Amino acid sequence: MLTLEGKSVFNGITIGPVVLYKRTIHKVADQLVDDTETEVARFHTARLAAQNEIKSLYEKALTEVDEKTAEIFDVHQMMLDDPDYIETVENTIRTQKINAEYAVNAAADSFAEMFAAMEDTYMQERAADIRDISGKVLNALTGSNNMVTLTAPSIVAADDLAPSETLSLDKNNILAFITESGSTNSHTAILARTMGIPAIVGAGDTLLAHLHEKQTVIVDGFDGKIYIDPDVATLEAMTAKMNQDQKQKSLLAKLKGKPNATKSGRKIKLYANIGQPADLSAVLDNDAGGIGLFRSEFLYLGRDTFPSEEEQFTAYKTVLENMGGKEVVIRTLDIGADKKVGYFNLPAEENPALGYRAIRICLTRPEIFKTQLRAILRASAFGTALVMFPMITSVQEVRDAKMIVEEVKAELTTQKIDFDKNIKIGIMIETPAAAIISDDLAKFVDFFSIGSNDLTQYTLAIDRQNTSLDHFFDAHHPAILKLIAYTAENAHNNGIWCGICGELGADKTLAEEFINMGIDELSVSPASILPLREKILSID
Ligand code: PEP
Ligand code: MG
């Protein structure tokens, strides 16, 4: 067995035989010609044939996928009609007295290089599109085609796949896509996601060299892993994971669109926890009512420099726009403790979980905090954003943090930059201190969200990172449940709502108790939403 890793484009597991996608390699020779106008005419005939092919793909995309996907082929048609592209090919033929194939290939190279060198990642992706359309013109000129016919359900392996190649395949026979290169933002990746087909891109240059036709392969779109010739243990483990996934998907089909209500009609909001915009598809697939915890610090992790205001703004805006007006609770930076970032230059600490982290960093390094708040506030003009401060222990911290929000609001107003003037501000209740003074804190905020992970850690004095203490880490401890009930009561006495966004929120055995406590919202990982909805529907 060999295991390769790539970037997952769409979750799901599939096991099956592989088909290698072999395309015609156009060996384009330069041939001098006397009659350049005949070559120009050949180019235009081939270009029109390519146009017709793309038109059929447009229609196929419309009926088999969706309008957004069909637009890809609209763009391809426009590229083929682009006067610059046409002129470049014609000029090459005329000035160099060369054959049409050579001129088309040269134009494809120079346009693709130009796109690839652009800063904007969207434009970089267009390099693949220009190669795709030029490949079609070359096919028409040389009378070849790239069609691979799938006669049985198969995993399609390729060096890379153009959108048109992806769409030309018989959808009913595609189990998964695996490719050597490609990015998760490419049109092909978007297509795979929209078609709901597990796919892994960027598996490395050696992928095809390791494969032969009909070999058994497992594609694990959850972990981005490809198992070639899997051993029995892996086959068994992956089959179990696949069955679990299918169970989840059929549950989804049954429960999508249903309210989160008990039999007696008590409703509760079921929101999702995310760390980055890439998690959105899972949020939407699982029918979340909103996002109850966007762990914004993930935008700061795995990099060497601070994310700029613009980068953060784009991330928050993407999430807000995709949620189409539903609530999105953006938790401000919760860096420190287990989430260490080198470029913050945080001091080494004896007890990092009790140390310099989260709101403590934000209040003492306001330049970092303000950049984030500007990005969140600017994005708030594009949906329903709520701001939430982590690790609060005192009223003073809330007042200080809110004062900084007010400063940023004033700056934006002076600069005439739009934002939601009534943006709601809440706090996490994740320290015993916050739970105990929740009656006071409630007077300064619009909502509470209970972080049961840290609340358990700090209440029971158990390091949540220390696996040897797992046995003692009892989130059902009566002290935790009492603090949760007390916090909910104080929230309601002060007319604000109270949710839970720690792992405990997904615990089905506690759902009824939380509803009885009056908890208004549970924010859980996207995959936990539907099982929780099922549980809530069964409660009297
Ligand atoms: C929590 O502490 O429960 C929480 C939701 O925050 P995090 O797990 O990110 O610390
Ligand atoms: Mg926490």
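What you see is a predicted model, and the numbers here were worked out from it, not measured in a lab.

**Quick notes on the site of ligand 1**
- Residues in contact with ligand 1 amount to 14 residues; listed here are only the nearest, Arg295, Arg331, Gly451, Asn453 and Arg464.
- Within the backbone of Ser452, a nitrogen or oxygen atom sits 3.1 Å from an oxygen atom of ligand 1.
- Asn453 is positioned such that a nitrogen or oxygen atom in its backbone is 2.8 Å from an oxygen atom of ligand 1.
- Residue assignment for the shell around ligand 1 shows that the elements contributing at least two residues are strand S10 (291-295) and helix H16 (452-460).
- For the shell around ligand 1, the element with the most residues is H16, which contributes 3 residues.
- A per-class count over the shell around ligand 1 returns 3 nonpolar, 4 polar and 7 charged.

**Observations regarding the coordination of the magnesium ion (ligand 2)**
- Coordination of the magnesium ion (ligand 2) by the protein comes from Glu430 (OE) and Asp454 (OD), over a distance range of 2.0 to 2.1 Å. You can see Glu430 sitting in the loop between strand S13 (424-429) and helix H14 (432-436) and its partner Asp454 sitting in helix H16, a full 24 residues away along the chain. For the pair Glu430 and Asp454, a shared accessibility class is recorded, and that class is buried.

**Overview of the pattern of salt bridges**
- Counting across every chain of the model gives 31 salt bridges.
- Between Lys136 and Asp132 there is a salt bridge, with the nearest N and O atoms lying 3.4 Å from each other. Highlighted residues: Lys136 and Asp132, both in helix H5 (residues 121-142), separated by 4 residues, approximately one helical turn. In terms of burial, Lys136 and Asp132 fall into one category: buried.
- Linking Glu321 and Lys317 is a salt bridge whose minimum nitrogen-to-oxygen distance equals 3.7 Å. Of this pair, Glu321 and Lys317 both sit in helix H10 (residues 309-322), separated by 4 residues, roughly a single helical turn.
- Put simply, Glu309, Glu310, Lys370, Arg374, Arg378, Glu407 and Glu411 are held in one network by salt bridges that share partners.

**Things to note about the nonpolar core**
- Counting residues in hydrophobic clusters, the biggest one holds 87 residues, and the most contacted among them are Phe344, Phe389, Phe448, Ile484, Phe514 and Ile519.
- Contact partners of Phe514, with chain neighbours within four places excluded, come to Leu481, Ile484, Ile500, Leu504, Gly505, Ile519 and Leu522.
- Core analysis: the second largest hydrophobic core is formed by 50 residues, Tyr21, Val65, Ile72 and Ala192 among them.

**Considering the sheet that holds S13**
- Pairing is parallel in the closed barrel, where 8 strands are placed in the order S9-S10-S11-S12-S13-S14-S15-S16. Along the sheet, successive strands turn relative to each other by an average axial angle of 30°, direction set aside.
- Here strand S14 (residues 447-450) pairs with strand S15 (residues 497-500) via 4 bridges, running parallel. Its bridge partner being in S15, Phe448 is matched across the sheet by Cys498.

**Topic: the pairing of strand S5 (residues 174-179)**
- A large share of S5 lies buried, amounting to 5 of its 6 residues.
- As paired strands, strand S4 (residues 154-158) and S5 are joined by 5 bridges and run parallel to one another. Within the sheet, the bridge partner assigned to Ala157 lies in S5 and is Ile178.
- You can see the chain leave S4, run along helix H6 (residues 163-168) and come back into S5, and the turn it takes is right-handed.
- Of the pairings in the sheet, the one linking S5 to strand S6 (residues 199-201) comprises 2 bridges and is parallel in character. Opposite Ile178, over in S6, you have Ile200 as the bridge partner.

**So, the sheet that holds strand S7 (residues 216-220)**
- Taken in spatial order, the 8 strands make up an open sheet running S1-S8-S7-S3-S4-S5-S6-S2, and their pairing is mixed. The sheet is open, and its two borders are formed by strand S1 (2-5) and strand S2 (7-10), each paired with just one other strand. Neighbour to neighbour, the strand axes of the sheet diverge by 30° on average, direction disregarded.
- Judged from the 3 bridges that link them, strand S3 (residues 13-20) and S4 form a sheet pairing that is parallel.

**Re helix H12 (residues 366-379)**
- The terminal C-alpha atoms of H12 lie 19 Å apart, and with 14 residues this matches the ideal 20 Å at 1.5 Å per residue to within 8%.
- Where burial is concerned, most of H12 is hidden: 10 out of the 14 residues are buried.
- Listing the buried residues of H12 in full gives Ile368, Phe369, Gln372, Leu373, Arg374, Ala375, Ile376, Leu377, Arg378 and Ala379.
- Residues of H12 that are buried in the fold lie against H10, strand S11 (327-331), helix H11 (359-364), strand S12 (384-389) and helix H13 (395-414).

**Here we look at the layout of surface pockets**
- The computed volume of the largest pocket comes to approximately 2,300 Å³.
- The leading source of residues in the lining of the largest pocket is helix H8 (residues 232-255), at 6 residues.

**Section: the domain arrangement of the protein**
- By the assigned domains, the protein splits into domain 1 (2-19 + 147-165 + 172-237), domain 2 (36-142) and domain 3 (268-538).
- Domain 1 and domain 2 are separated by 27 Å when their C-alpha centres are compared.
- Listed per partner, the contact involves 10 residues of domain 1 and 12 residues of domain 2.
- Summing the contributions of domain 1 and of domain 2, the shared interface buries around 950 Å²; its carbon and sulfur component is 63%.
- On the surface where domain 1 and domain 2 come into contact, there are 0 salt bridges.
- The interface formed by domain 1 and domain 2 holds 0 residue pairs in polar contact (both at pLDDT 80 or more) in total.

Rules of the game
- Residues numbered from 1 in each chain as written.
- Chains lettered and ligands numbered in written order.
- Predicted model: local features only at pLDDT ≥ 70, side-chain atom pairs only at ≥ 80, totals over all residues.
- Heavy atoms only, no water.
- Near = heavy atom within 4 Å.
- Polar contact = N/O pair within 3.5 Å; in protein donor to acceptor, adjacent residues only side chain to side chain.
- Helix = DSSP H or I, 4+ residues; strand = E, 2+ residues; numbered from the N terminus.
- Nonpolar A, V, L, I, M, F, W, Y, C, P; charged D, E, K, R; others polar.
- Donors = N, O, S within 2.8 Å, 3.2 Å for Na, K, Ca; no water.
- Buried < 20%, exposed > 50% of the residue type's maximum accessible area, 1.4 Å probe, protein only.
- Salt bridge = Lys/Arg side-chain N within 4 Å of Asp/Glu carboxyl O.
- Core = buried A, V, L, I, M, F, W, Y, C linked by side-chain atoms within 4.5 Å.
- Contact = heavy atoms within 4.5 Å.
- Pairing = 2+ DSSP bridges.
- Axes fitted to C-alpha atoms, helices over the stretch in contact; angles between N-to-C directions.
- Right-handed = clockwise from strand over helix to strand, strands pointing away.
- Expected span 1.5 Å × (residues − 1).
- 1 Å grid on protein atoms, 1.4 Å probe; cavity = no way out; pocket = protein on both sides within 12 Å on 5 of 7 lines; lining within 4 Å.
- Points joined across faces, edges and corners; volume = space filled by probe spheres on them.
- Domains from an automatic or database assignment.
- Buried area = accessible area lost by both parts, 1.4 Å probe.

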